[in-house]
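Spelled out, the chains give:
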Amino acid sequence: TKKRQTGNATHRKRKTPHNNIIIIVAMVLPHPKIMTPARHRHRHRQRPLVTLLLIATSLSLLLPHPTAAETTTRTNNRNNNNNNQQQVCERLPTSLTYSQDSAPADVSAILRVVVEKINRDVTGVVDVEVAWSGAELHRRVGERIVRCTVTRLADSIDDDDGGGGGGGGEDEGNDAAAVVAKQSTIDDHGRSVITQCFEVPFTILDVNECTVPKSNPMAHRCHPPSSCVNTLGSYECLCPSESEANDNAQGIVGSGGEAGVALSGFWETLDSQSRNAWELSLGSSSDSSCPDSPSTRGCCDEDGHSADGEGCRSSFRCPMDPCARTSTTTKNNNNASKTRSAASSACASNAICQRATSPLHRPNYTCQCPSGLMGNGKPCTRNGRKVEPKVKYDGKTPTEETRRALEMGLICGCVEATVDACDGFPKCPGKHEMCAVSSSNTPGCTCQNGYVHDPDYGCVDESPPLLHLRPDPTHGTDPKTGTTHLSQGDRYEEYGVDVIDDNAEEYYRSLKIAYSRPLPQGCLLEVGEFHVNYTVATPWTSPDFVRAKRTVVIDNIDECVVRANAGVGADCPELVPMCDDGAGATCLDETGTYACRCPEGTEGDGFRPIPRLREDGRGGYAGI
């Protein structure tokens, strides 16, 4: 046996198989002379205080392979040692048991808890050599055996200890003492020690990642609508199926397995299923990991808590079924749960949601209304426009307005249409007549709103027509008073009135225009005012006429400035002054006329002499 010196203690190091991790813990105990008296040295006496000197870890894969000669020498030494010291590994009665989320996180943590258990369950420990096979023991769910080679003080093993911690009678105690005496050696401190093999059961219990709270670091990373399927030590994400195979994927109980863990039979059943596009993950790697797959099993890293495994599962995307029904659970005051099922928000609650053959279609669903209802089948928005659907008198055919609204998708939800009894009813012959439904739901013709029926004139306005004066475009008309201002020399033109009457074109009307004084055919020569009255007969009203009045005011002009053949004088020569300006007479303007004044020192009327006239032979006269 090859020996290695560590501190003041001598340790035997045995060659371990490849892939084994060896951890050696060397401990120094006080000299036996200062230990607890012998009478107290029994199986359950207090353990001596130990001092940790060295923790060394070696991985045999990193060690150079021995030569043939070294192998032969070591084999002979081991065989000789085995002949002198037959070790039987004793399993400790209790296991180190942890849940997956609370298990030691690394080798150093495992070393601590294993050595602590050895110190707690075994007495007189001088050093501990810990070894186990396989990688990542601290992360694997299940039961493992950690084998430890423990060097103990020989006198810490009582006669009834059996050499390995077991009980026995007097004969067995004598045999054990003989074995101890035979296998014990003396260490550098002069103590009698013996090396024994112990097996420490190390159990890691599975955590159901599918049911732990989201705050737990072991919680699954599956994205809805995929479901989480718990596996031994990990989990998978599974797309929902229309079958019942994975309806309870988060609580699977298989024969011969642990509750909440999916067994191989579950996956075999899943693999045998024929799935459509809605039951597989999205088909593009840019949209989902494991594209076109029912689950992450066989695609993502088996360890769902590794960086690759967690990233792969969190990127797994299943199609969202737009037609899937949702359920909500509420609790009352007695803490009783009540679950309500509701249709998908994609369609109205009373509509039929029809899914497309592929989730890649846009849109990937349609909403259809049941027979007897009309609309686009989609939920109504709070501020959206609501159109009431109507059908014709047959109770089936949509009205024209409803048909256009349906084509434009303006009728939301699924609504029962009302019957428009007048749609399809023969058109009413009279003007301003419409179809109306009586209290007995019988259609008939009646006057439109705002009209009354007259036996002679049919449907006429409830209110008489309105007369609006048309303004004089040149001189203007005051819209409030109806007054138009003209001047001497102007000509009056009749602009009439506008008759505001829906019946004006359909029925016979009479308009009467009356002037308060006769109008001259030419220029207006007299100042003052006159009135024009416009009267429209409305025999169905009281009074039976409507009247409007225009006031025309003729203002004075200064005739003294009027010149012949120029301006007003050209159109109205009557307004040209006839003063004898050649004899020095002057013109004086007066309201509506003018006067002529002779110069001082003369007398007369100041007007020009009237030319002498002669008969023209046609019954008239002509000037000379």
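Residues numbered from 1 in each chain as written. Predicted model: local features only at pLDDT ≥ 70, side-chain atom pairs only at ≥ 80, totals over all residues. Heavy atoms only, no water.

(A) Focus on the overall build of the chain. A count of helices and strands for the chain gives 7 helices and 34 strands. For the chain, the proportion of its 624 residues judged to be buried stands at 35%. Once local pairs closer than 6 in sequence are excluded, the contacts in the chain between residues at least 24 apart make up 59%. Total accessible area computed for the chain in this model is approximately 37,100 Å², and 50% of it derives from carbon and sulfur atoms. (Helix = DSSP H or I, 4+ residues; strand = E, 2+ residues; numbered from the N terminus. Buried < 20%, exposed > 50% of the residue type's maximum accessible area, 1.4 Å probe, protein only. Contact = heavy atoms within 4.5 Å. Areas by Shrake-Rupley, 256 points an atom, 1.4 Å probe, with all protein chains shown as cover.)

(B) Region of interest: the pattern of salt bridges. Tallied over the entire structure, the rule returns 17 salt bridges. When the shortest N-O distance is used, the salt bridge between R221 and E310 registers 3.7 Å. Remark: E310 occurs in helix 5 (residues 307-314) and R221 occurs in the loop between strand 10 (192-205) and strand 11 (227-231); sequence separation between them is 89 residues. Judged by relative accessible area, R221 falls into the partly exposed class, the value being 31%. (Salt bridge = Lys/Arg side-chain N within 4 Å of Asp/Glu carboxyl O.)

(C) The arrangement of the environment of S281 in detail. Its location among the elements puts S281 in the loop between helix 4 (264-272) and helix 5. Separated by 42 residues in the primary sequence, S281 and C239 place their C-alpha atoms 6.7 Å from one another. In this structure the side chain of S281 is engaged in a polar contact, spanning 2.5 Å, whose partner is the backbone oxygen of C290. (Polar contact = N/O pair within 3.5 Å; in protein donor to acceptor, adjacent residues only side chain to side chain.)

(D) Spatial organisation of unusual backbone geometry. For the peptide bond that leads from P224 to P225, omega is 10°, which places it in the cis range. Cis geometry marks the peptide bond from R362 to P363, where omega comes out at -5°. Note that P363 resides in the loop between strand 15 (352-355) and strand 16 (365-368). Of note, D292 is a non-glycine position whose phi angle comes to about 55°, a positive value. The residue D292 is located in the loop between helix 4 and helix 5 in this model. By relative accessible area, which is 49% here, D292 ends up partly exposed. Even without a glycine there, the phi angle at N565 is positive, about 60°. Among the secondary structure elements, N565 is positioned in the loop between strand 30 (545-555) and helix 7 (568-571). A relative accessible area of 73% means that N565 is categorised as exposed.

(E) Main features of the nonpolar core. In this structure, V114, I118, C148, V200 and F202 are the most contacted members of the largest nonpolar core, which totals 22 residues. Within the residue set of this core, elements represented by two or more residues are strand 6 (96-99), helix 2 (107-121), strand 7 (125-133), strand 8 (142-153) and strand 10. For this core, the element with the most residues is helix 2, which contributes 6 residues. Apart from the residues lying within four places of it in its own chain, the contact partners of V200 are L92, L96, V114, K117, I118, R144, I145, V146 and C148. Membership of the second largest hydrophobic core comes to 11 residues, among which are C222, Y235, C237 and C239. (Core = buried A, V, L, I, M, F, W, Y, C linked by side-chain atoms within 4.5 Å.)

(F) View of the sheet that holds strand 29 (residues 528-537). Strand order in this open sheet of 4 strands is 26-30-29-28, and the pairing throughout is mixed. Of all strands in the sheet, those with a lone pairing partner are strand 26 (483-487) and strand 28 (511-515), marking the two edges. Mean inter-strand twist for the sheet, computed between neighbouring axes without regard to direction, equals 20°. (Pairing = 2+ DSSP bridges. Axes fitted to C-alpha atoms, helices over the stretch in contact; angles between N-to-C directions.)

(G) Fine view of the side chain of S289. Structurally, S289 can be placed in the loop between helix 4 and helix 5. Accessibility expressed as a relative area gives 15% for S289, which makes it buried. Looking at S289, its side chain comes within polar contact range of the main-chain oxygen of C312, at 2.6 Å. A polar contact of 3.2 Å, which involves the side chain of S289, links it to the backbone nitrogen of F316.

(H) Region of interest: a nonpolar patch on the surface. Together, L511, I513, Y515 and L519 make up a nonpolar patch on the protein surface, roughly 310 Å² of accessible area in all. Locating L511 in the fold gives a position in strand 28. Residue classification places L511 among the partly exposed positions, given a relative accessible area of 45%. (Patch = residues over 30% accessible without salt bridge, like charges linked within 9 Å, V, L, I, M, F, W, Y side chains within 5 Å.)

(I) Local environment of the packing of aromatic side chains. For the coordinates displayed, the defined rule picks out 5 aromatic pairs. Both rings, one in Y594 and one in F607, keep their centres 6.0 Å apart while their planes meet at 50°; by these two values the pair is tilted. Taken together, the positions of Y594 in strand 32 (residues 593-597) and F607 in the loop between strand 32 and strand 33 (613-615) put the pair 13 residues apart, joining distant regions of the chain. With a relative accessible area of 15%, Y594 lands in the buried category. Taken together through their ring pairs, the aromatic side chains of Y492, Y515 and F530 make up a single cluster. (Phe/Tyr/Trp six-rings, centres within 6.5 Å; stacked < 30°, edge-to-face > 60°.)

(J) Looking closely at the state of the cysteines. In this structure the tally under the stated criterion is 16 disulfides. Paired by a disulfide, C239 and C318 hold their sulfur atoms 2.1 Å apart. Taking the sign of the S-S torsion, about -90° here, the bridge from C239 to C318 comes out left-handed. Of this pair, C239 sits in the loop between strand 12 (234-238) and helix 4 while C318 sits in the loop between helix 5 and strand 13 (326-331), and the two are 79 residues apart along the sequence. (Disulfide = S-S within 2.5 Å.)

(K) A look at the pairing of strand 31 (residues 586-590). In terms of strand pairing, strand 31 meets strand 32 through 5 bridges, oriented antiparallel. Bridge assignment links C587 to a residue of strand 32, and that residue is C596. Connecting strand 31 to the antiparallel partner strand 32 that follows it, the hairpin turn spans 2 residues, and G592 within it adopts a positive phi of roughly 80°.

(L) Expanded view of helix 2. In this model, helix 2 (15 residues) spans 21 Å end to end at C-alpha, consistent with the 21 Å of a helix rising 1.5 Å per residue. Turning to helix 2, its buried residues number three or more, namely A109, I110, L111, V113, V114, V115, K117, I118 and N119. (Expected span 1.5 Å × (residues − 1).)

(M) Focus on the confidence of the model for the chain. Per-chain confidence: the chain averages 76 in pLDDT, with 72% of residues scoring 70 or above. Here residues 1-23 is modelled with pLDDT under 50, and outside its nearest four sequence neighbours on either side it reaches 69 contacts, counting other chains as well. Ignoring residues within four places in sequence, the model shows residues 162-168, a span with pLDDT below 50, making 16 contacts including any to other chains. (pLDDT = per-residue confidence, 0-100.)

(N) Looking closely at the environment of D472. Tracing the chain through its elements places D472 in the loop between strand 25 (466-469) and strand 26. When the C-alpha positions of D472 and E493 are compared, they lie 8.1 Å apart, and in sequence the two are 21 residues distant. If we ignore the near neighbours within four places in the chain, the residues touching D472 are T477, T484, L486 and Y495. At a separation of 3.2 Å, a polar atom in the side chain of D472 contacts the main-chain amide nitrogen of H475.

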